[in-house]
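Observations on the model geometry
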Amino acid sequence: MVSSFCWSCLTRLPTASPRAMLPPTLTPQRVAAFHTSSTLLASPLKKKSTGNVAAPRYRQANSARMKKKGKAVERARPPPAGERRALRKRIVLSNPNALEVEDMQDISAENMVDSRLHGAVLGLPVPMLDQLRAVQAFKPKQGWSIFRRPGTVMRRESLELGRLIDSISNNPEDKGKVVKRVLTGAKGTGKTVHLLQAMAMAFTKEWVVITVPECQDLVLANTSYAPLSDKTPNVYVQNEATAALLNRTVTANQKVLSTLKVSREHPALKSLVARDMTLQDLANIGIQDPAAAWAVFQALWTELAATSAAPGFEAGFSPRPPMLVAVDGIGHWMKETKYRSAKFEPVHAHDLVFVQHFLSLLKPGNNQQSALPNGGILLYATSGSNSPSVYSLDVALKQVAARRQGVTPSSSNFPQPAAYSKIDQRVFAALDAPASSIPTEGALELQTMAGVSRDEARGFMEYFARSGLLRQHVTEEWVNEKWTLAGGGVIGELEMLGRRLTVPAQVE
């Protein structure tokens, strides 16, 4: 059959479009209008050069740093080494803006036993301030800087301590008497100020005052230490701390030590000690050479405890005065320190020879010789604001109080640690001080410092008013109110109350 389309019809049909004959997989968007082999064979474009800028380091920002226009700000230099520590521990003892209390007396050998001054505030003599600074009796957080001059209130405990010091100095029957006490109490009850009062009274009687102002400094591993000897590798000596102790002792007791001469030979120091050397010169050897500080301290302690001169030294011998040993923050000596042994084990505080010496004084005397043969007082205080929690110490102090009241260790009323509690037997051994066989040496006592009485609080607040700090009408009702708000007369709380009140004042 012949097709209906002729040749002429076929020639008039449009030619097939190349686009329609493309495979379905290719889309118009992917087909280029033209192409050349030069573009396909060209190498990839390189990144534009940014100059000599180095590639960013690890964990470094990639953003551009824009420099601020204007004058460059100069940064202040950091303070020199030790300046911040000195500022933090700075002691200010005078406020020129405070009023002068005209009728205030100074502590002296006569009025420190006067019961008529009970509740009054006595000033510290100006010449004695350098001695008290030398033994670091003042603390930075105490309120000395708000008054015209430093003063302290005479509490019942202060008068009793003054009579005790006066009796040991002047009463022949109490010559050579030794009193051992551990002060405890809540925060702000005046334990550290009580130590300061004891130092001031001892200086008036020309005693030798030896102090450890902060026990924590000996256990924080911030001072050098080394084994005492090859025979005792587990006992450690702190030469720098011992040299600082000698420096405090010489500076505060220069008047007394310069009049006392060496009374015996000291083989440990060999040729460093001469026969005509004073105790001040002896202590200076340990200050100048810390490596010999501990041997020098042992020699100085032997000289201060001497009751007679050795053969050949009788010519320059003078009787030794009583001693006051004041230690603050004893709780830090009842646990492990930050020091490490050669096996990297914690070193207990009782393994430090410095600590061993002062804790041994609490024990009864050996060989019929007292811990202080020439008499004196041992005052060891705990801290309420900076004290570690040592359960063994708490129980040991209760045992000291019970032993003082006549309770024997075999009694059922004698305090014992709780069952399954972790205790330190070395703490119990250090404070286990029964009555001594020496008549002049007393047993270890526990004295708890509490709040002041209402009469003492009134005298203290009147001192604030006379100094111009407290502008308040001081009456019995007002004193009773503040005494109650202060937790029963806590002296630290009374001081804070005296700073806050700013109402016009009248004193009846």
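Structural notes, computed from the coordinates. (Residues numbered from 1 in each chain as written. Predicted model: local features only at pLDDT ≥ 70, side-chain atom pairs only at ≥ 80, totals over all residues. Heavy atoms only, no water.)

**Quick look at the packing of helix α9 (residues 279–288) against helix α10 (residues 293–304)**
Quick reminder of the rule: For helices, the axis comes from a line fit to the C-alpha atoms of the stretch in contact; other axes are also lines fit to C-alpha atoms, and the angle between any two N-to-C directions lies between 0 and 180 degrees. What counts as a helix is a DSSP run of H or I of at least four residues, what counts as a strand is a run of E of at least two, and both are numbered from the N terminus. Throughout, the term roughly parallel applies to angles under 35 degrees, roughly antiparallel to angles over 145, roughly perpendicular to angles from 65 to 115, and oblique to all others. Two helices cross in a left-handed way if the nearer one is turned anticlockwise from the farther one by less than a right angle. They cross in a right-handed way if the turn is clockwise. We call two residues contacting when some pair of their heavy atoms lies within 4.5 Å. Under the grouping applied here, Gly and all other residues not named as nonpolar or charged are polar, the nonpolar ones being Ala, Val, Leu, Ile, Met, Phe, Trp, Tyr, Cys and Pro and the charged ones Asp, Glu, Lys and Arg.
Running from N to C, α9 and α10 cross one another at 160°; their axes reach a closest spacing of 7 Å. Relative to α10, α9 is oriented roughly antiparallel. When the axes of α9 and α10 are compared, the crossing they make is left-handed. Listed contacts from α10 to L279, L282, A283, I285 and G286 of α9 are A293, V296, A299, L300, E303 and L304. Residue composition of the contact of α9 with α10, grouped by class: nine nonpolar, one polar and one charged.

**Thoughts on the nonpolar core**
The cut-off we apply is this: Put simply, a nonpolar core is a bunch of buried Ala, Val, Leu, Ile, Met, Phe, Trp, Tyr and Cys residues held in one set by side-chain atoms that sit within 4.5 Å of each other. Classification of residues uses two cut-offs on accessible area relative to the type maximum, computed with a 1.4 Å probe and protein chains only: under 20% is buried, over 50% is exposed, and between them is partly exposed.
If you look at the biggest cluster of nonpolar residues, it comprises 69 residues, and the most contacted ones within it are L304, W333, F358 and Y380. A per-element tally of this core places α10 first, with eight residues. Non-local contacts of Y380, meaning those with residues more than four positions away in its chain, are made with R181, V182, L183, V325, V327, I330, F358, L361 and L362. One finds F138, A198, L324 and A381 within the second-largest nonpolar core, a separate group that totals 39 residues.

**Some points on the side chain of H332**
As for its position among the elements, H332 is in the loop between β7 (323–328) and β8 (336–340). When residues no more than four places from it in sequence are discounted, the contact partners of H332 are E214, C215, Q216, V219, A349, N386, S387 and P388.

**Points about unusual backbone geometry**
A positive phi is found at F344, a non-glycine position, where the angle reads about 60°. By secondary structure assignment, the location of F344 is in the loop between β8 and β9 (346–348). Given a relative accessible area of 60%, F344 falls into the exposed group. Backbone geometry at Y420 places phi at a positive 65°, although glycine is not the residue there. Positionally, Y420 belongs in the loop between α12 (391–404) and α13 (425–431).

**Regarding the pattern of salt bridges**
Quick note on the threshold: Counted as salt bridges are all cases of a side-chain nitrogen of Lys or Arg within 4 Å of a carboxyl oxygen of Asp or Glu.
Here the structure, examined in full by the defined rule, presents 19 salt bridges. A salt bridge links K180 to E441; its shortest N-O distance comes to 2.7 Å. Of this pair, K180 sits in strand β3 (residues 178–185) while E441 sits in strand β11 (residues 441–449); the two residues are 261 residues apart in sequence, bridging distant segments of the chain. In this structure, K180 and E441 share a single accessibility class: buried. Within this structure, E160, R181, R404 and E445 form a network of salt bridges that share partners.

**A closer look at the sheet that holds β7**
Defined as follows: Here the rule is simple: two strands pair whenever DSSP picks up at least two bridges between them.
The strand order β4-β7-β10-β3-β11 describes an open sheet built from five strands, whose pairing is parallel. Whereas interior strands pair on both sides, the edge strands pair on one side only; in this sheet they are β4 (208–212) and β11. Across the sheet, the mean angle separating the axes of adjacent strands is 15° when strand polarity is ignored. Where β3 lies against β11, seven bridges are found, and the strand directions are parallel. Bridge assignment links G185 to a residue of β11, and that residue is M449. In the packing of α12 onto the sheet, contacts are made with β3 and β11, and the angle to β11 comes to roughly 120°.

**Considering helix α5 (residues 156–170)**
Quick note on the threshold: By this rule, a helix spans an expected 1.5 Å times one less than how many residues it contains.
Taking 1.5 Å per residue, 15 residues should reach 21 Å; α5 reaches 21 Å between its end C-alpha atoms and fits that length. Among all positions of α5, only E157, S158, L159, L161, G162, L164, I165, S167 and I168 are buried. Of the surrounding secondary structure, the elements contacted by the buried residues of α5 are β2 (151–153), β3, α6 (191–204), β10 (376–381) and β11.

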